[in-house]
Amino acid sequence: MKNLAVLGATGNVGRQILEILGERDFPFGELYLFSSEKSAGEELEVKGKRYKTTALSKEAFDNIKVDLCLMAAGGAVSEEYGPYLKEKGILCIDNSSHFRMDKDVPLIVPEINKEAAKNNNGLIANPNCSTIQSVMPLKALEKFGIKRVIYSTYQAVSGSGVGGIRDLEEGVCEQYPYNIQKNCIPQIDDFLDNGYTKEEMKMMEETKKILDNDELRVTATTVRVPILNGHAVNMNIEFEKDFSLEEVRQLLEDFEGIIVEDEPEKLLYPLQEKIDGTDDVSVGRLRRDDSVEFGLNLWCVADNIRKGAATNTVQIAELFV
C-alpha cells in the first residue's frame, strides 16, 4: 500500500479529507499529517487511529517515504511544495487554484475525465468547488452540443474557510467587506481589470479545460450568500440541438454522482440544507428557456467542502491505489 501525506490537515478541507478517507476505507500504509506551526501537535483520528500533526517543512520529508500527497493548505504552500515534492517522486493532488490552468497539469473530476489523470507529471489539480458541481450536469447533457453557459452562483461562507464562518456567526466584517448576515455579496475573490472576479474567471476557464472545449462560451457571476455550507448554481445552457425535458431528466439521472430532485408540484427541488454532508450533486428546476432556440435552465446544489473539494480529491487519489 502507498504511504500518504495530507498537507493542511487541520483546516476545513483537510479535516474533511481525513473523514472521507475513513468513510471510503481508503487503503494506505503510513499516514503523515502536516499543518502550520500553530496547529502542530494536534491529534486527529483517521480510520480509528490517532495521528499527531507535524509542522510542515521540506526537511520533514527527508526521513520518510511518501508516495501520494493530498494538498489542502492554500496556494502559497502548493506553489512552494508542489514542485519540490514532485521532484522527490511524490504524486501531488492539489486543492488550490495555483496549478489548475497549467497546460501540463490535468484538472480532474473523476466522473468526467479520470483517464486524463494518468497523463500527469507528478501534479494533479482539483477544480474550483463551484466548477466541479456545474460541469457534471454539463457533461451529462453534452450530446445536445453545448453552445453557451451562463453561471449565477450562490456560494456558502464555508468556501472562505474559518474566516467566512466567523463572519456569518458573529456578524463581523473581517473576511468580507460587508456584513454577510445582512447581504448577498456579489464579489468572491479579487476584481480583475476586465470587471470579473478571480472566482468568476476560474469557473469560466476551468469549465473549458475539464470539458476539453476551448470554443465553449461561458460567463459567470459569483455571489457569497449567508448560508453556512453548500453552494448553489443557477445554470442557463444554450444547446446546438433540440431536446426534450424527459430526455434531459433521464440523462441526468443516469449520470454517476447526480441526483434529480425536480417535482415542483410537490415543492421538491435541490436545497443546501438537504445536500449538506453528502457527496451528491443535486439538480432540479428543469425548464426550457424560450428566449433562445434550444435553451435550458437548471438549479444545481452540492456540498462545497465534500464533493467540491475533499471528496473529489480522495476520488482522484483512488485512481492510483
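Owing to the predicted nature of the structure, the values given are computational and were not obtained by experimental measurement.

Draft legend 1. Spotlight on the sheet that holds strand β9 (residues 146–155). Ordered in space as β10-β9-β11-β14-β13-β12, the 6 strands form an open sheet in which the pairing is mixed. Both edges of this open sheet fall to β10 (217–224) and β12 (258–260), since each of them pairs with a single strand only. Neighbour to neighbour, the strand axes of the sheet diverge by 25° on average, direction disregarded. One ladder, built from 8 bridges, connects strand β11 (residues 231–239) with strand β14 (residues 295–302); its direction is antiparallel. Its bridge partner being in β14, N234 is matched across the sheet by W299. Most of the contacts of helix α7 (residues 245–254) go to strand β13 (residues 281–289), to which it runs at about 165°, and overall it touches β12, β13 and β14.

Draft legend 2. The arrangement of the pairing of strand β2 (residues 31–35) in detail. The element β2 is largely enclosed, with a buried count of 4 among its 5 residues. Of the pairings in the sheet, the one linking strand β1 (residues 4–7) to β2 comprises 4 bridges and is parallel in character. The residue bridging V6 from the neighbouring strand is L33, located in β2. On the question of chirality, the crossover connecting β1 to the parallel β2 by way of helix α1 (residues 12–23) is right-handed. One ladder, built from 2 bridges, connects β2 with strand β5 (residues 54–55); its direction is parallel. Bridge assignment links S35 to a residue of β5, and that residue is A55.

Draft legend 3. How the structure looks around the pattern of salt bridges. Enumeration over the complete set of coordinates arrives at 23 salt bridges. Where R24 meets E318, a salt bridge forms, and the shortest distance between an N and an O atom there is 2.7 Å. Of the two residues, R24 sits in the loop between α1 and β2 while E318 sits in helix α9 (residues 306–318), which places them 294 residues apart along the sequence. Taking the shortest distance from any N to any O, the salt bridge between K147 and E238 comes out at 3.7 Å. With K147 in strand β9 and E238 in strand β11, this pair connects stretches of sequence that are 91 residues apart. Exposure remark for K147: the relative accessible area of 34% places this residue in the partly exposed category. Given the relative accessible area of 16%, E238 is considered buried. Through salt bridges with shared partners, a single network forms among E23, D279 and R306.

Rules used throughout
Residues numbered from 1 in each chain as written. Predicted model: local features only at pLDDT ≥ 70, side-chain atom pairs only at ≥ 80, totals over all residues. Heavy atoms only, no water. Pairing = 2+ DSSP bridges. Helix = DSSP H or I, 4+ residues; strand = E, 2+ residues; numbered from the N terminus. Axes fitted to C-alpha atoms, helices over the stretch in contact; angles between N-to-C directions. Contact = heavy atoms within 4.5 Å. Buried < 20%, exposed > 50% of the residue type's maximum accessible area, 1.4 Å probe, protein only. Right-handed = clockwise from strand over helix to strand, strands pointing away. Salt bridge = Lys/Arg side-chain N within 4 Å of Asp/Glu carboxyl O.

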